[in-house]
Amino acid sequence: MNFLRGVMGGQPAGPQPSGAETIQKLCDRVASSTLLEDRRDAVRALKSLSKKYRLEVGTQAMGHLVNILQADRSDSEIIGYALETLYNMISNDEEEEPEESEEENSQKQADDLGVQFTEIFIKEQENVTLLLSLLEEFDFHVRWPGVKLLTALLKNQCAQVQGVILVSPMGVSRLMDLLADSREVIRNDGLLLLQQLTKGNAAIQKIVAFENAFERLLDIITEEGNSDGGIVVEDCLLLLLNLLRNNSSNQNFFKEGSYIQRMKPWFEVGDDNSGWSAQKVTNLHLMLQLVRVMVCPVNSPGATSSCQKAMYQCGLLQQLCTILMATGVPADILTETINTVSEVIRGSQVNQDYFASVNAPSNPPRPAIVVLLMSMVNERQPFVLRCAVLYCFQCFLYKNQKGQGEIVATLLPSTIDANSISAGQLLCGGLFSADSLSNWCAAVALAHALQDNLTQKEQLLRVQLATSLGNPPVSLLQQCTNILSQGSKVQTRVGLLMLLCTWISNCPIAVTHFLHNQANIPFLTAQISENLGEDERLVQGLCALLVGICIYYNDNSLENYTKEKLKQLVEKRIGKENFVEKLGFITKHELYSRAAQKPQPTFSSPEQMLFDHEFTKLVKELEGVITKAVHKSSEEEKKEEEVKKTLEQHDSIVTQYKELIREQDTQLNELKEQVSSLKTENEQMQATITHQLSQIQQHKDQYNVLKLKLGKDSAQQLSAQAEGAQVNGLQSEELTGLREEVEELRKQHAELQVQLREKDALIDKLRSGPAPPVEGIATSSENNAELLKELETLRSKVQSQTAEIGQLQAERRDLLKKAMVSVPTAAGSTDGAGDSGKIAELESRLVALMGETEKLKEEAKSSLESRAGLERQLAEANSTVAILQTEKAKLQQEVADSKKEQDDLLMLLADQDQKIQTLKSKLKDLGEPV
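By the naming in an unreviewed UniProt entry, the protein goes by General vesicular transport factor p115 and is assigned to Lepisosteus oculatus. What UniProt records for the protein under Sequence similarities (unreviewed entry) is the sentence "Belongs to the VDP/USO1/EDE1 family."

## Regarding the overall build of the protein
Looking only at helices and strands, the protein has 40 helices and four strands in total. In the protein, 74% of the contacts between residues at least 6 apart in sequence involve partners at least 24 apart. Accessible surface for the protein amounts to roughly 47,400 Å². Of this, 50% is attributable to carbon and sulfur atoms.

## Focus on the pattern of salt bridges
The tally for this structure, following the rule as stated, stands at 22 salt bridges. With a shortest N-O distance of 3.7 Å, R40 and E77 are connected by a salt bridge. Of the two residues, R40 sits in helix α3 (residues 36-49) while E77 sits in helix α5 (residues 76-90), which places them 37 residues apart along the sequence. Here E215 and R262 are joined by a salt bridge, their closest N and O atoms 3.0 Å apart. Here E215 is found in helix α13 (residues 213-223), whereas its partner R262 is found in the loop between α15 (248-256) and α16 (278-294), with 47 residues between them in sequence. For E215, a relative accessible area of 25% puts it in the partly exposed group.

## What to know about the confidence of the model for the protein
Confidence in the prediction for the protein averages 81 pLDDT; 80% of positions are at 70 or higher. Segment residues 1-13 is flagged for pLDDT under 50; beyond a separation of four residues in sequence, or across chains, it makes 16 contacts in the model. Below pLDDT 50 for its whole length, residues 95-101 participates in four contacts with residues either more than four positions away or in separate chains.

## Observations concerning the environment of H513
Take H513: it is sitting in helix α29 (residues 508-516). Setting aside chain neighbours within four positions, we find H513 in contact with L461 and L477.

## Focus: the UniProt feature "coiled-coil region" (unreviewed entry) in the protein
Sequence positions flagged by UniProt for "coiled-coil region" (unreviewed entry) are, in local numbering, residues 654-688 and 728-901. Across residues 654-688 one finds 100% helix and 0% strand; the C-alpha atoms that close the span lie 50 Å apart.

## Regarding α3
Between its first and last C-alpha atoms α3 spans 20 Å; for 14 residues at 1.5 Å apiece the expected length is 20 Å, and the two agree. Listed in full, the buried residues belonging to α3 are D38, R39, R40, D41, A42, V43, A45, L46 and L49.

## Details of the nonpolar core
Of all hydrophobic cores here, the largest spans 207 residues; its most connected members are L150, L175, W266, F267, F355, W503 and L545. Per element, the largest residue contribution to this core is twelve residues, and it comes from helix α22 (residues 383-397). For F355, the contacting residues outside a window of four places in its chain are C321, L324, V341, I345, I369, L372, C392 and F396.

## Points about a negative patch on the surface
Taken together, E894, D897, E901, D903 and D904 make up a surface patch of like negative charges. Relative to the helices and strands, D903 resides in helix α40 (residues 830-925).

## Re helix α32 (residues 563-573)
Turning to α32, its buried residues are L566, K567 and V570. Buried residues along α32 cover an arc of 100° about the axis, so they all sit on one side. Looking one or two residues past α32, G575 carries a phi angle of roughly 95°, positive in sign.

## So, the environment of V66
Within the secondary structure, V66 is located in helix α4 (residues 54-71). On the accessibility criterion, V66 (8% relative accessible area) is buried. Between the C-alpha atom of V66 and that of L83, which follows or precedes it by 17 residues, the distance is 9.0 Å. For V66, the contacting residues outside a window of four places in its chain are F121, N127 and L130.

## A closer look at the side chain of N400
The residue N400 is located in the loop between α22 and α23 (401-409) in this model. There is a polar contact of 3.5 Å between the side chain of N400 and the side chain of Q352. Sequence-distant contacts of N400, that is, excluding residues within four places in its chain, are made with Q349 and Q352.

## What about the packing of helix α21 (residues 368-376) against α22?
Relative to each other, α21 and α22 sit at 140°, their axes nearing to 8 Å. By the angle class used here, α21 and α22 are oblique. Considering only the axes of α21 and α22, their crossing is left-handed. Residue-level contacts link I369, L372, L373, S375 and M376 of α21 to R386, V389, L390, C392, F393 and F396 of α22. Its residues assigned to classes, the contact of α21 with α22 shows nine nonpolar, one polar and one charged.

What counts and how
- Each chain has its residues counted from 1, following the order in which its sequence is written.
- Two thresholds apply to this predicted model, a pLDDT of at least 70 for residue-level local features and 80 or more for giving and counting side-chain atom pairs, whereas whole-chain, interface and lining totals are computed over all residues.
- The side-chain figures draw on all heavy atoms in the structure; neither hydrogens nor water molecules are used.
- UniProt positions are given in the numbering used here, feature names are shortened, and annotations may be inferred rather than shown by experiment.
- Strands are runs of DSSP state E lasting at least 2 residues, helices are runs of H or I lasting at least 4, and numbering of each runs from the N terminus.
- Contacts are assigned to residue pairs with any non-hydrogen atoms lying within 4.5 Å of each other.
- Residue exposure ignores everything except the shown protein chains as possible cover, and the areas themselves are Shrake-Rupley values with a 1.4 Å probe.
- The term salt bridge refers to a pairing of a side-chain nitrogen on Lys or Arg with a carboxyl oxygen on Asp or Glu at a separation within 4 Å.
- Exposure categories follow from relative accessible area, calculated using a 1.4 Å probe and restricted to protein chains: below 20% of the type maximum is buried, above 50% is exposed, and the middle band is partly exposed.
- Every residue gets a pLDDT, meaning the predictor's confidence in that residue, from 0 to 100.
- Helix span, expected: 1.5 Å multiplied by one less than the number of residues in the helix.
- Nonpolar core, defined: a set of buried Ala, Val, Leu, Ile, Met, Phe, Trp, Tyr and Cys residues in which side-chain atoms within 4.5 Å join the residues together.
- Residues with no salt bridge and a relative accessible area higher than 30% make up the patches, which join like charges within 9 Å and nonpolar side chains (Val, Leu, Ile, Met, Phe, Trp, Tyr) within 5 Å.
- This count recognises Lys and Arg as positive and Asp and Glu as negative, with His and chain-terminal groups excluded.
- We put the charge of a Lys on NZ, of an Arg on CZ, of an Asp on CG and of a Glu on CD.
- By definition, the arc is the one covered by directions from the helix axis to the C-beta atoms.
- Any N or O atom pair separated by 3.5 Å or less is treated as a polar contact, with the protein-specific requirement of one donor-capable and one acceptor-capable atom, and with residues adjacent in sequence counted only for side-chain atom pairs.
- Fitted lines through C-alpha atoms serve as axes, helices being fitted only where they are in contact, and the angles separating the N-to-C directions of these axes extend from 0 to 180 degrees.
- Small angles under 35 degrees read as roughly parallel and large ones over 145 as roughly antiparallel, with 65 to 115 read as roughly perpendicular and the rest as oblique.
- Left-handed describes a crossing in which the near helix is turned anticlockwise from the far one by less than a right angle; the clockwise case is right-handed.
- Each residue gets one of three labels, nonpolar for Ala, Val, Leu, Ile, Met, Phe, Trp, Tyr, Cys and Pro, charged for Asp, Glu, Lys and Arg, and polar for the others, Gly among them.

Next up, the structure:
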């Protein structure tokens, strides 16, 4: 303990040990002491020496400190001392400022030392995993130094530490728990840790986002007071920027989670905007950057469009426009707000229309576009603000033909209002002012009003300018060329040349107007042919591009300036190779590639504003075709025109065939619809036949029921008649009547036999008839066969009854003979009485049989009627099926004819394609683009 007192500041008894020796002894004590208190005191002493003797502590004590973290986790105090000591070794933050002469070298050495110690520490991945597990401890003395240590590790070796944390189980989730810590210092340092963790690692960014980071960070920003909050809000915004920048997955998650709507309160500023604090300016600047990240032009068009729509619907765009038109807003915030509004409206028709309707709070109210253009052409305004206004105007006109028409309309004579300042007047004023930057900005802005809009290019040809009193007005096109020929500044001439190239490209009428001025082509050729300095090379290249456009888009309407004559002029005065070389000066310029990278004009100084992003696209598109057009001979052009005409003819023929095929396809579709309707009708007829067959089955069932009933009724009538005969007796007169009835019964029986024979003939006819052509009719034939079997059974029954009647008649005759013999001799004998009883019984049986025969006749009649009905239904069904088959055959024939016509057309198309391929190969041989 005396040794420790000496280390901690006590007066030494002997000579003072060196720092390295002291640290060595402390490390030995940490490694060998068995008492926790001794190890704790030794680690505390190392902590106090770790800043002054950083190298010695780092080289000797790091392994012992890691062992302490593993072995003494139960004691939070020693763990805290060990973590702080490691932080002092690894961290590059110097609390004491070194002397000015040594500041740079000292800081570089400290950085190198921190990086080396970090490499040693993370060489064993278990050390980082151990540190992550220690962050789960809630004790402040463990958690806070652990957060600071991990942050320092990430600062020194970000990628390596990120890789270890990424593969560590629940590594990112443990760090996200720091945002929920109730102690602000740990939460705030946790924000700094997550900032370092999410730098440049998309995988970790996604994990952090899906750990509900957006919700937590937005809650913290709201609790801290939004833009009025302190540095914590700034840290939250920086972390949000890390998560969203260049990460489409997180951007989509942010949008789908409706977090864009929660950004609106950030931009609610009061009427009094004086005295903004530096922190508020920083916070609002980061908030505007966050909005721009969501609608950045480099994002996918679909994602950008959906974010723009959400920002308009939730009122965020309206809030930004309020800041744009507010007074007292700091200049840098106003500039960033203009840039943000630019990208929120870029390419979105709804947002562009809303921005066009915004008015500045002036008297009288003026459109926001006019107010911004006034700042752009005012040379007293800051340079960055003028660049922002130009970008805003470009974004307003991007893919906005309606807005382009409104801007050009303010220049036309019929719409000029002398009492108000319009956008067109401001652009013309800037185009012809003495300030070269205003000339360039106005020229580029006017070129964007003509971009990809042939109608507005032609409309702008109508614009007339009054130069001075007494002189006639000149066109805007002529005035631009006049200023160009006066030899103004390079920036002004570059702007005017970009405007002219954009104006007359892909517009033969504008080319004709330009060539109509006899002085334009000689001036341009003179500019190209001269040997000028480095500064004039870009102007020469743009003049060559303008002449090339006049050649390529020339419709040969002017006899003196046809394509061929212009090419001859170029060859004589400039030379083809020299012309192409001068044309290449544009793309070789150092500022060309910078402007081609992104739409926003970002220049460090006004002198560097030479190229526009959209113009670089035009140059890239036209450079190759102009070079080919200049090198072509008149014969090649004639051949090319002939080939083009031939191709147009072939295209017209192909178009005609395509139209014919479309018509035939339409007819085929109609025929298919007819076939489907006929199929539907056929199905309905089948259903009708099925219903009729079911009705036939019902009739059969009713017939069977009637048969059973008839059998029972005939038996009852026989018994009743027998009883009546026994009661009344048999008289001779009655016998005579019975004979007559028997004769009638015979006649009826004969008639019934005739009817049965007719039915047999009909059945044989049905059996021998042709098979129905429809499947549904086959089933009905089977049902008819069953009915015929039942009719056969009925006929056999009738025959058996006829035989029984004949037997009864024979018995009756025998009895009558006996009765005639016995009546005169023994009328009252017992034998006669017995014979009379038999006769009565026979008579009753005859009566019953006659009744049953009558019923059978009626039943046979009803069966014949139902049979006739079924035959009629079958005949109707057969006729319907025949009609359907006829129509089906016709449709099949029509389809076959259509297929044959299609095959012929395909053969013709194949021939035409072969011809086109031959012509294309000829074009390729001639060196023409196909």
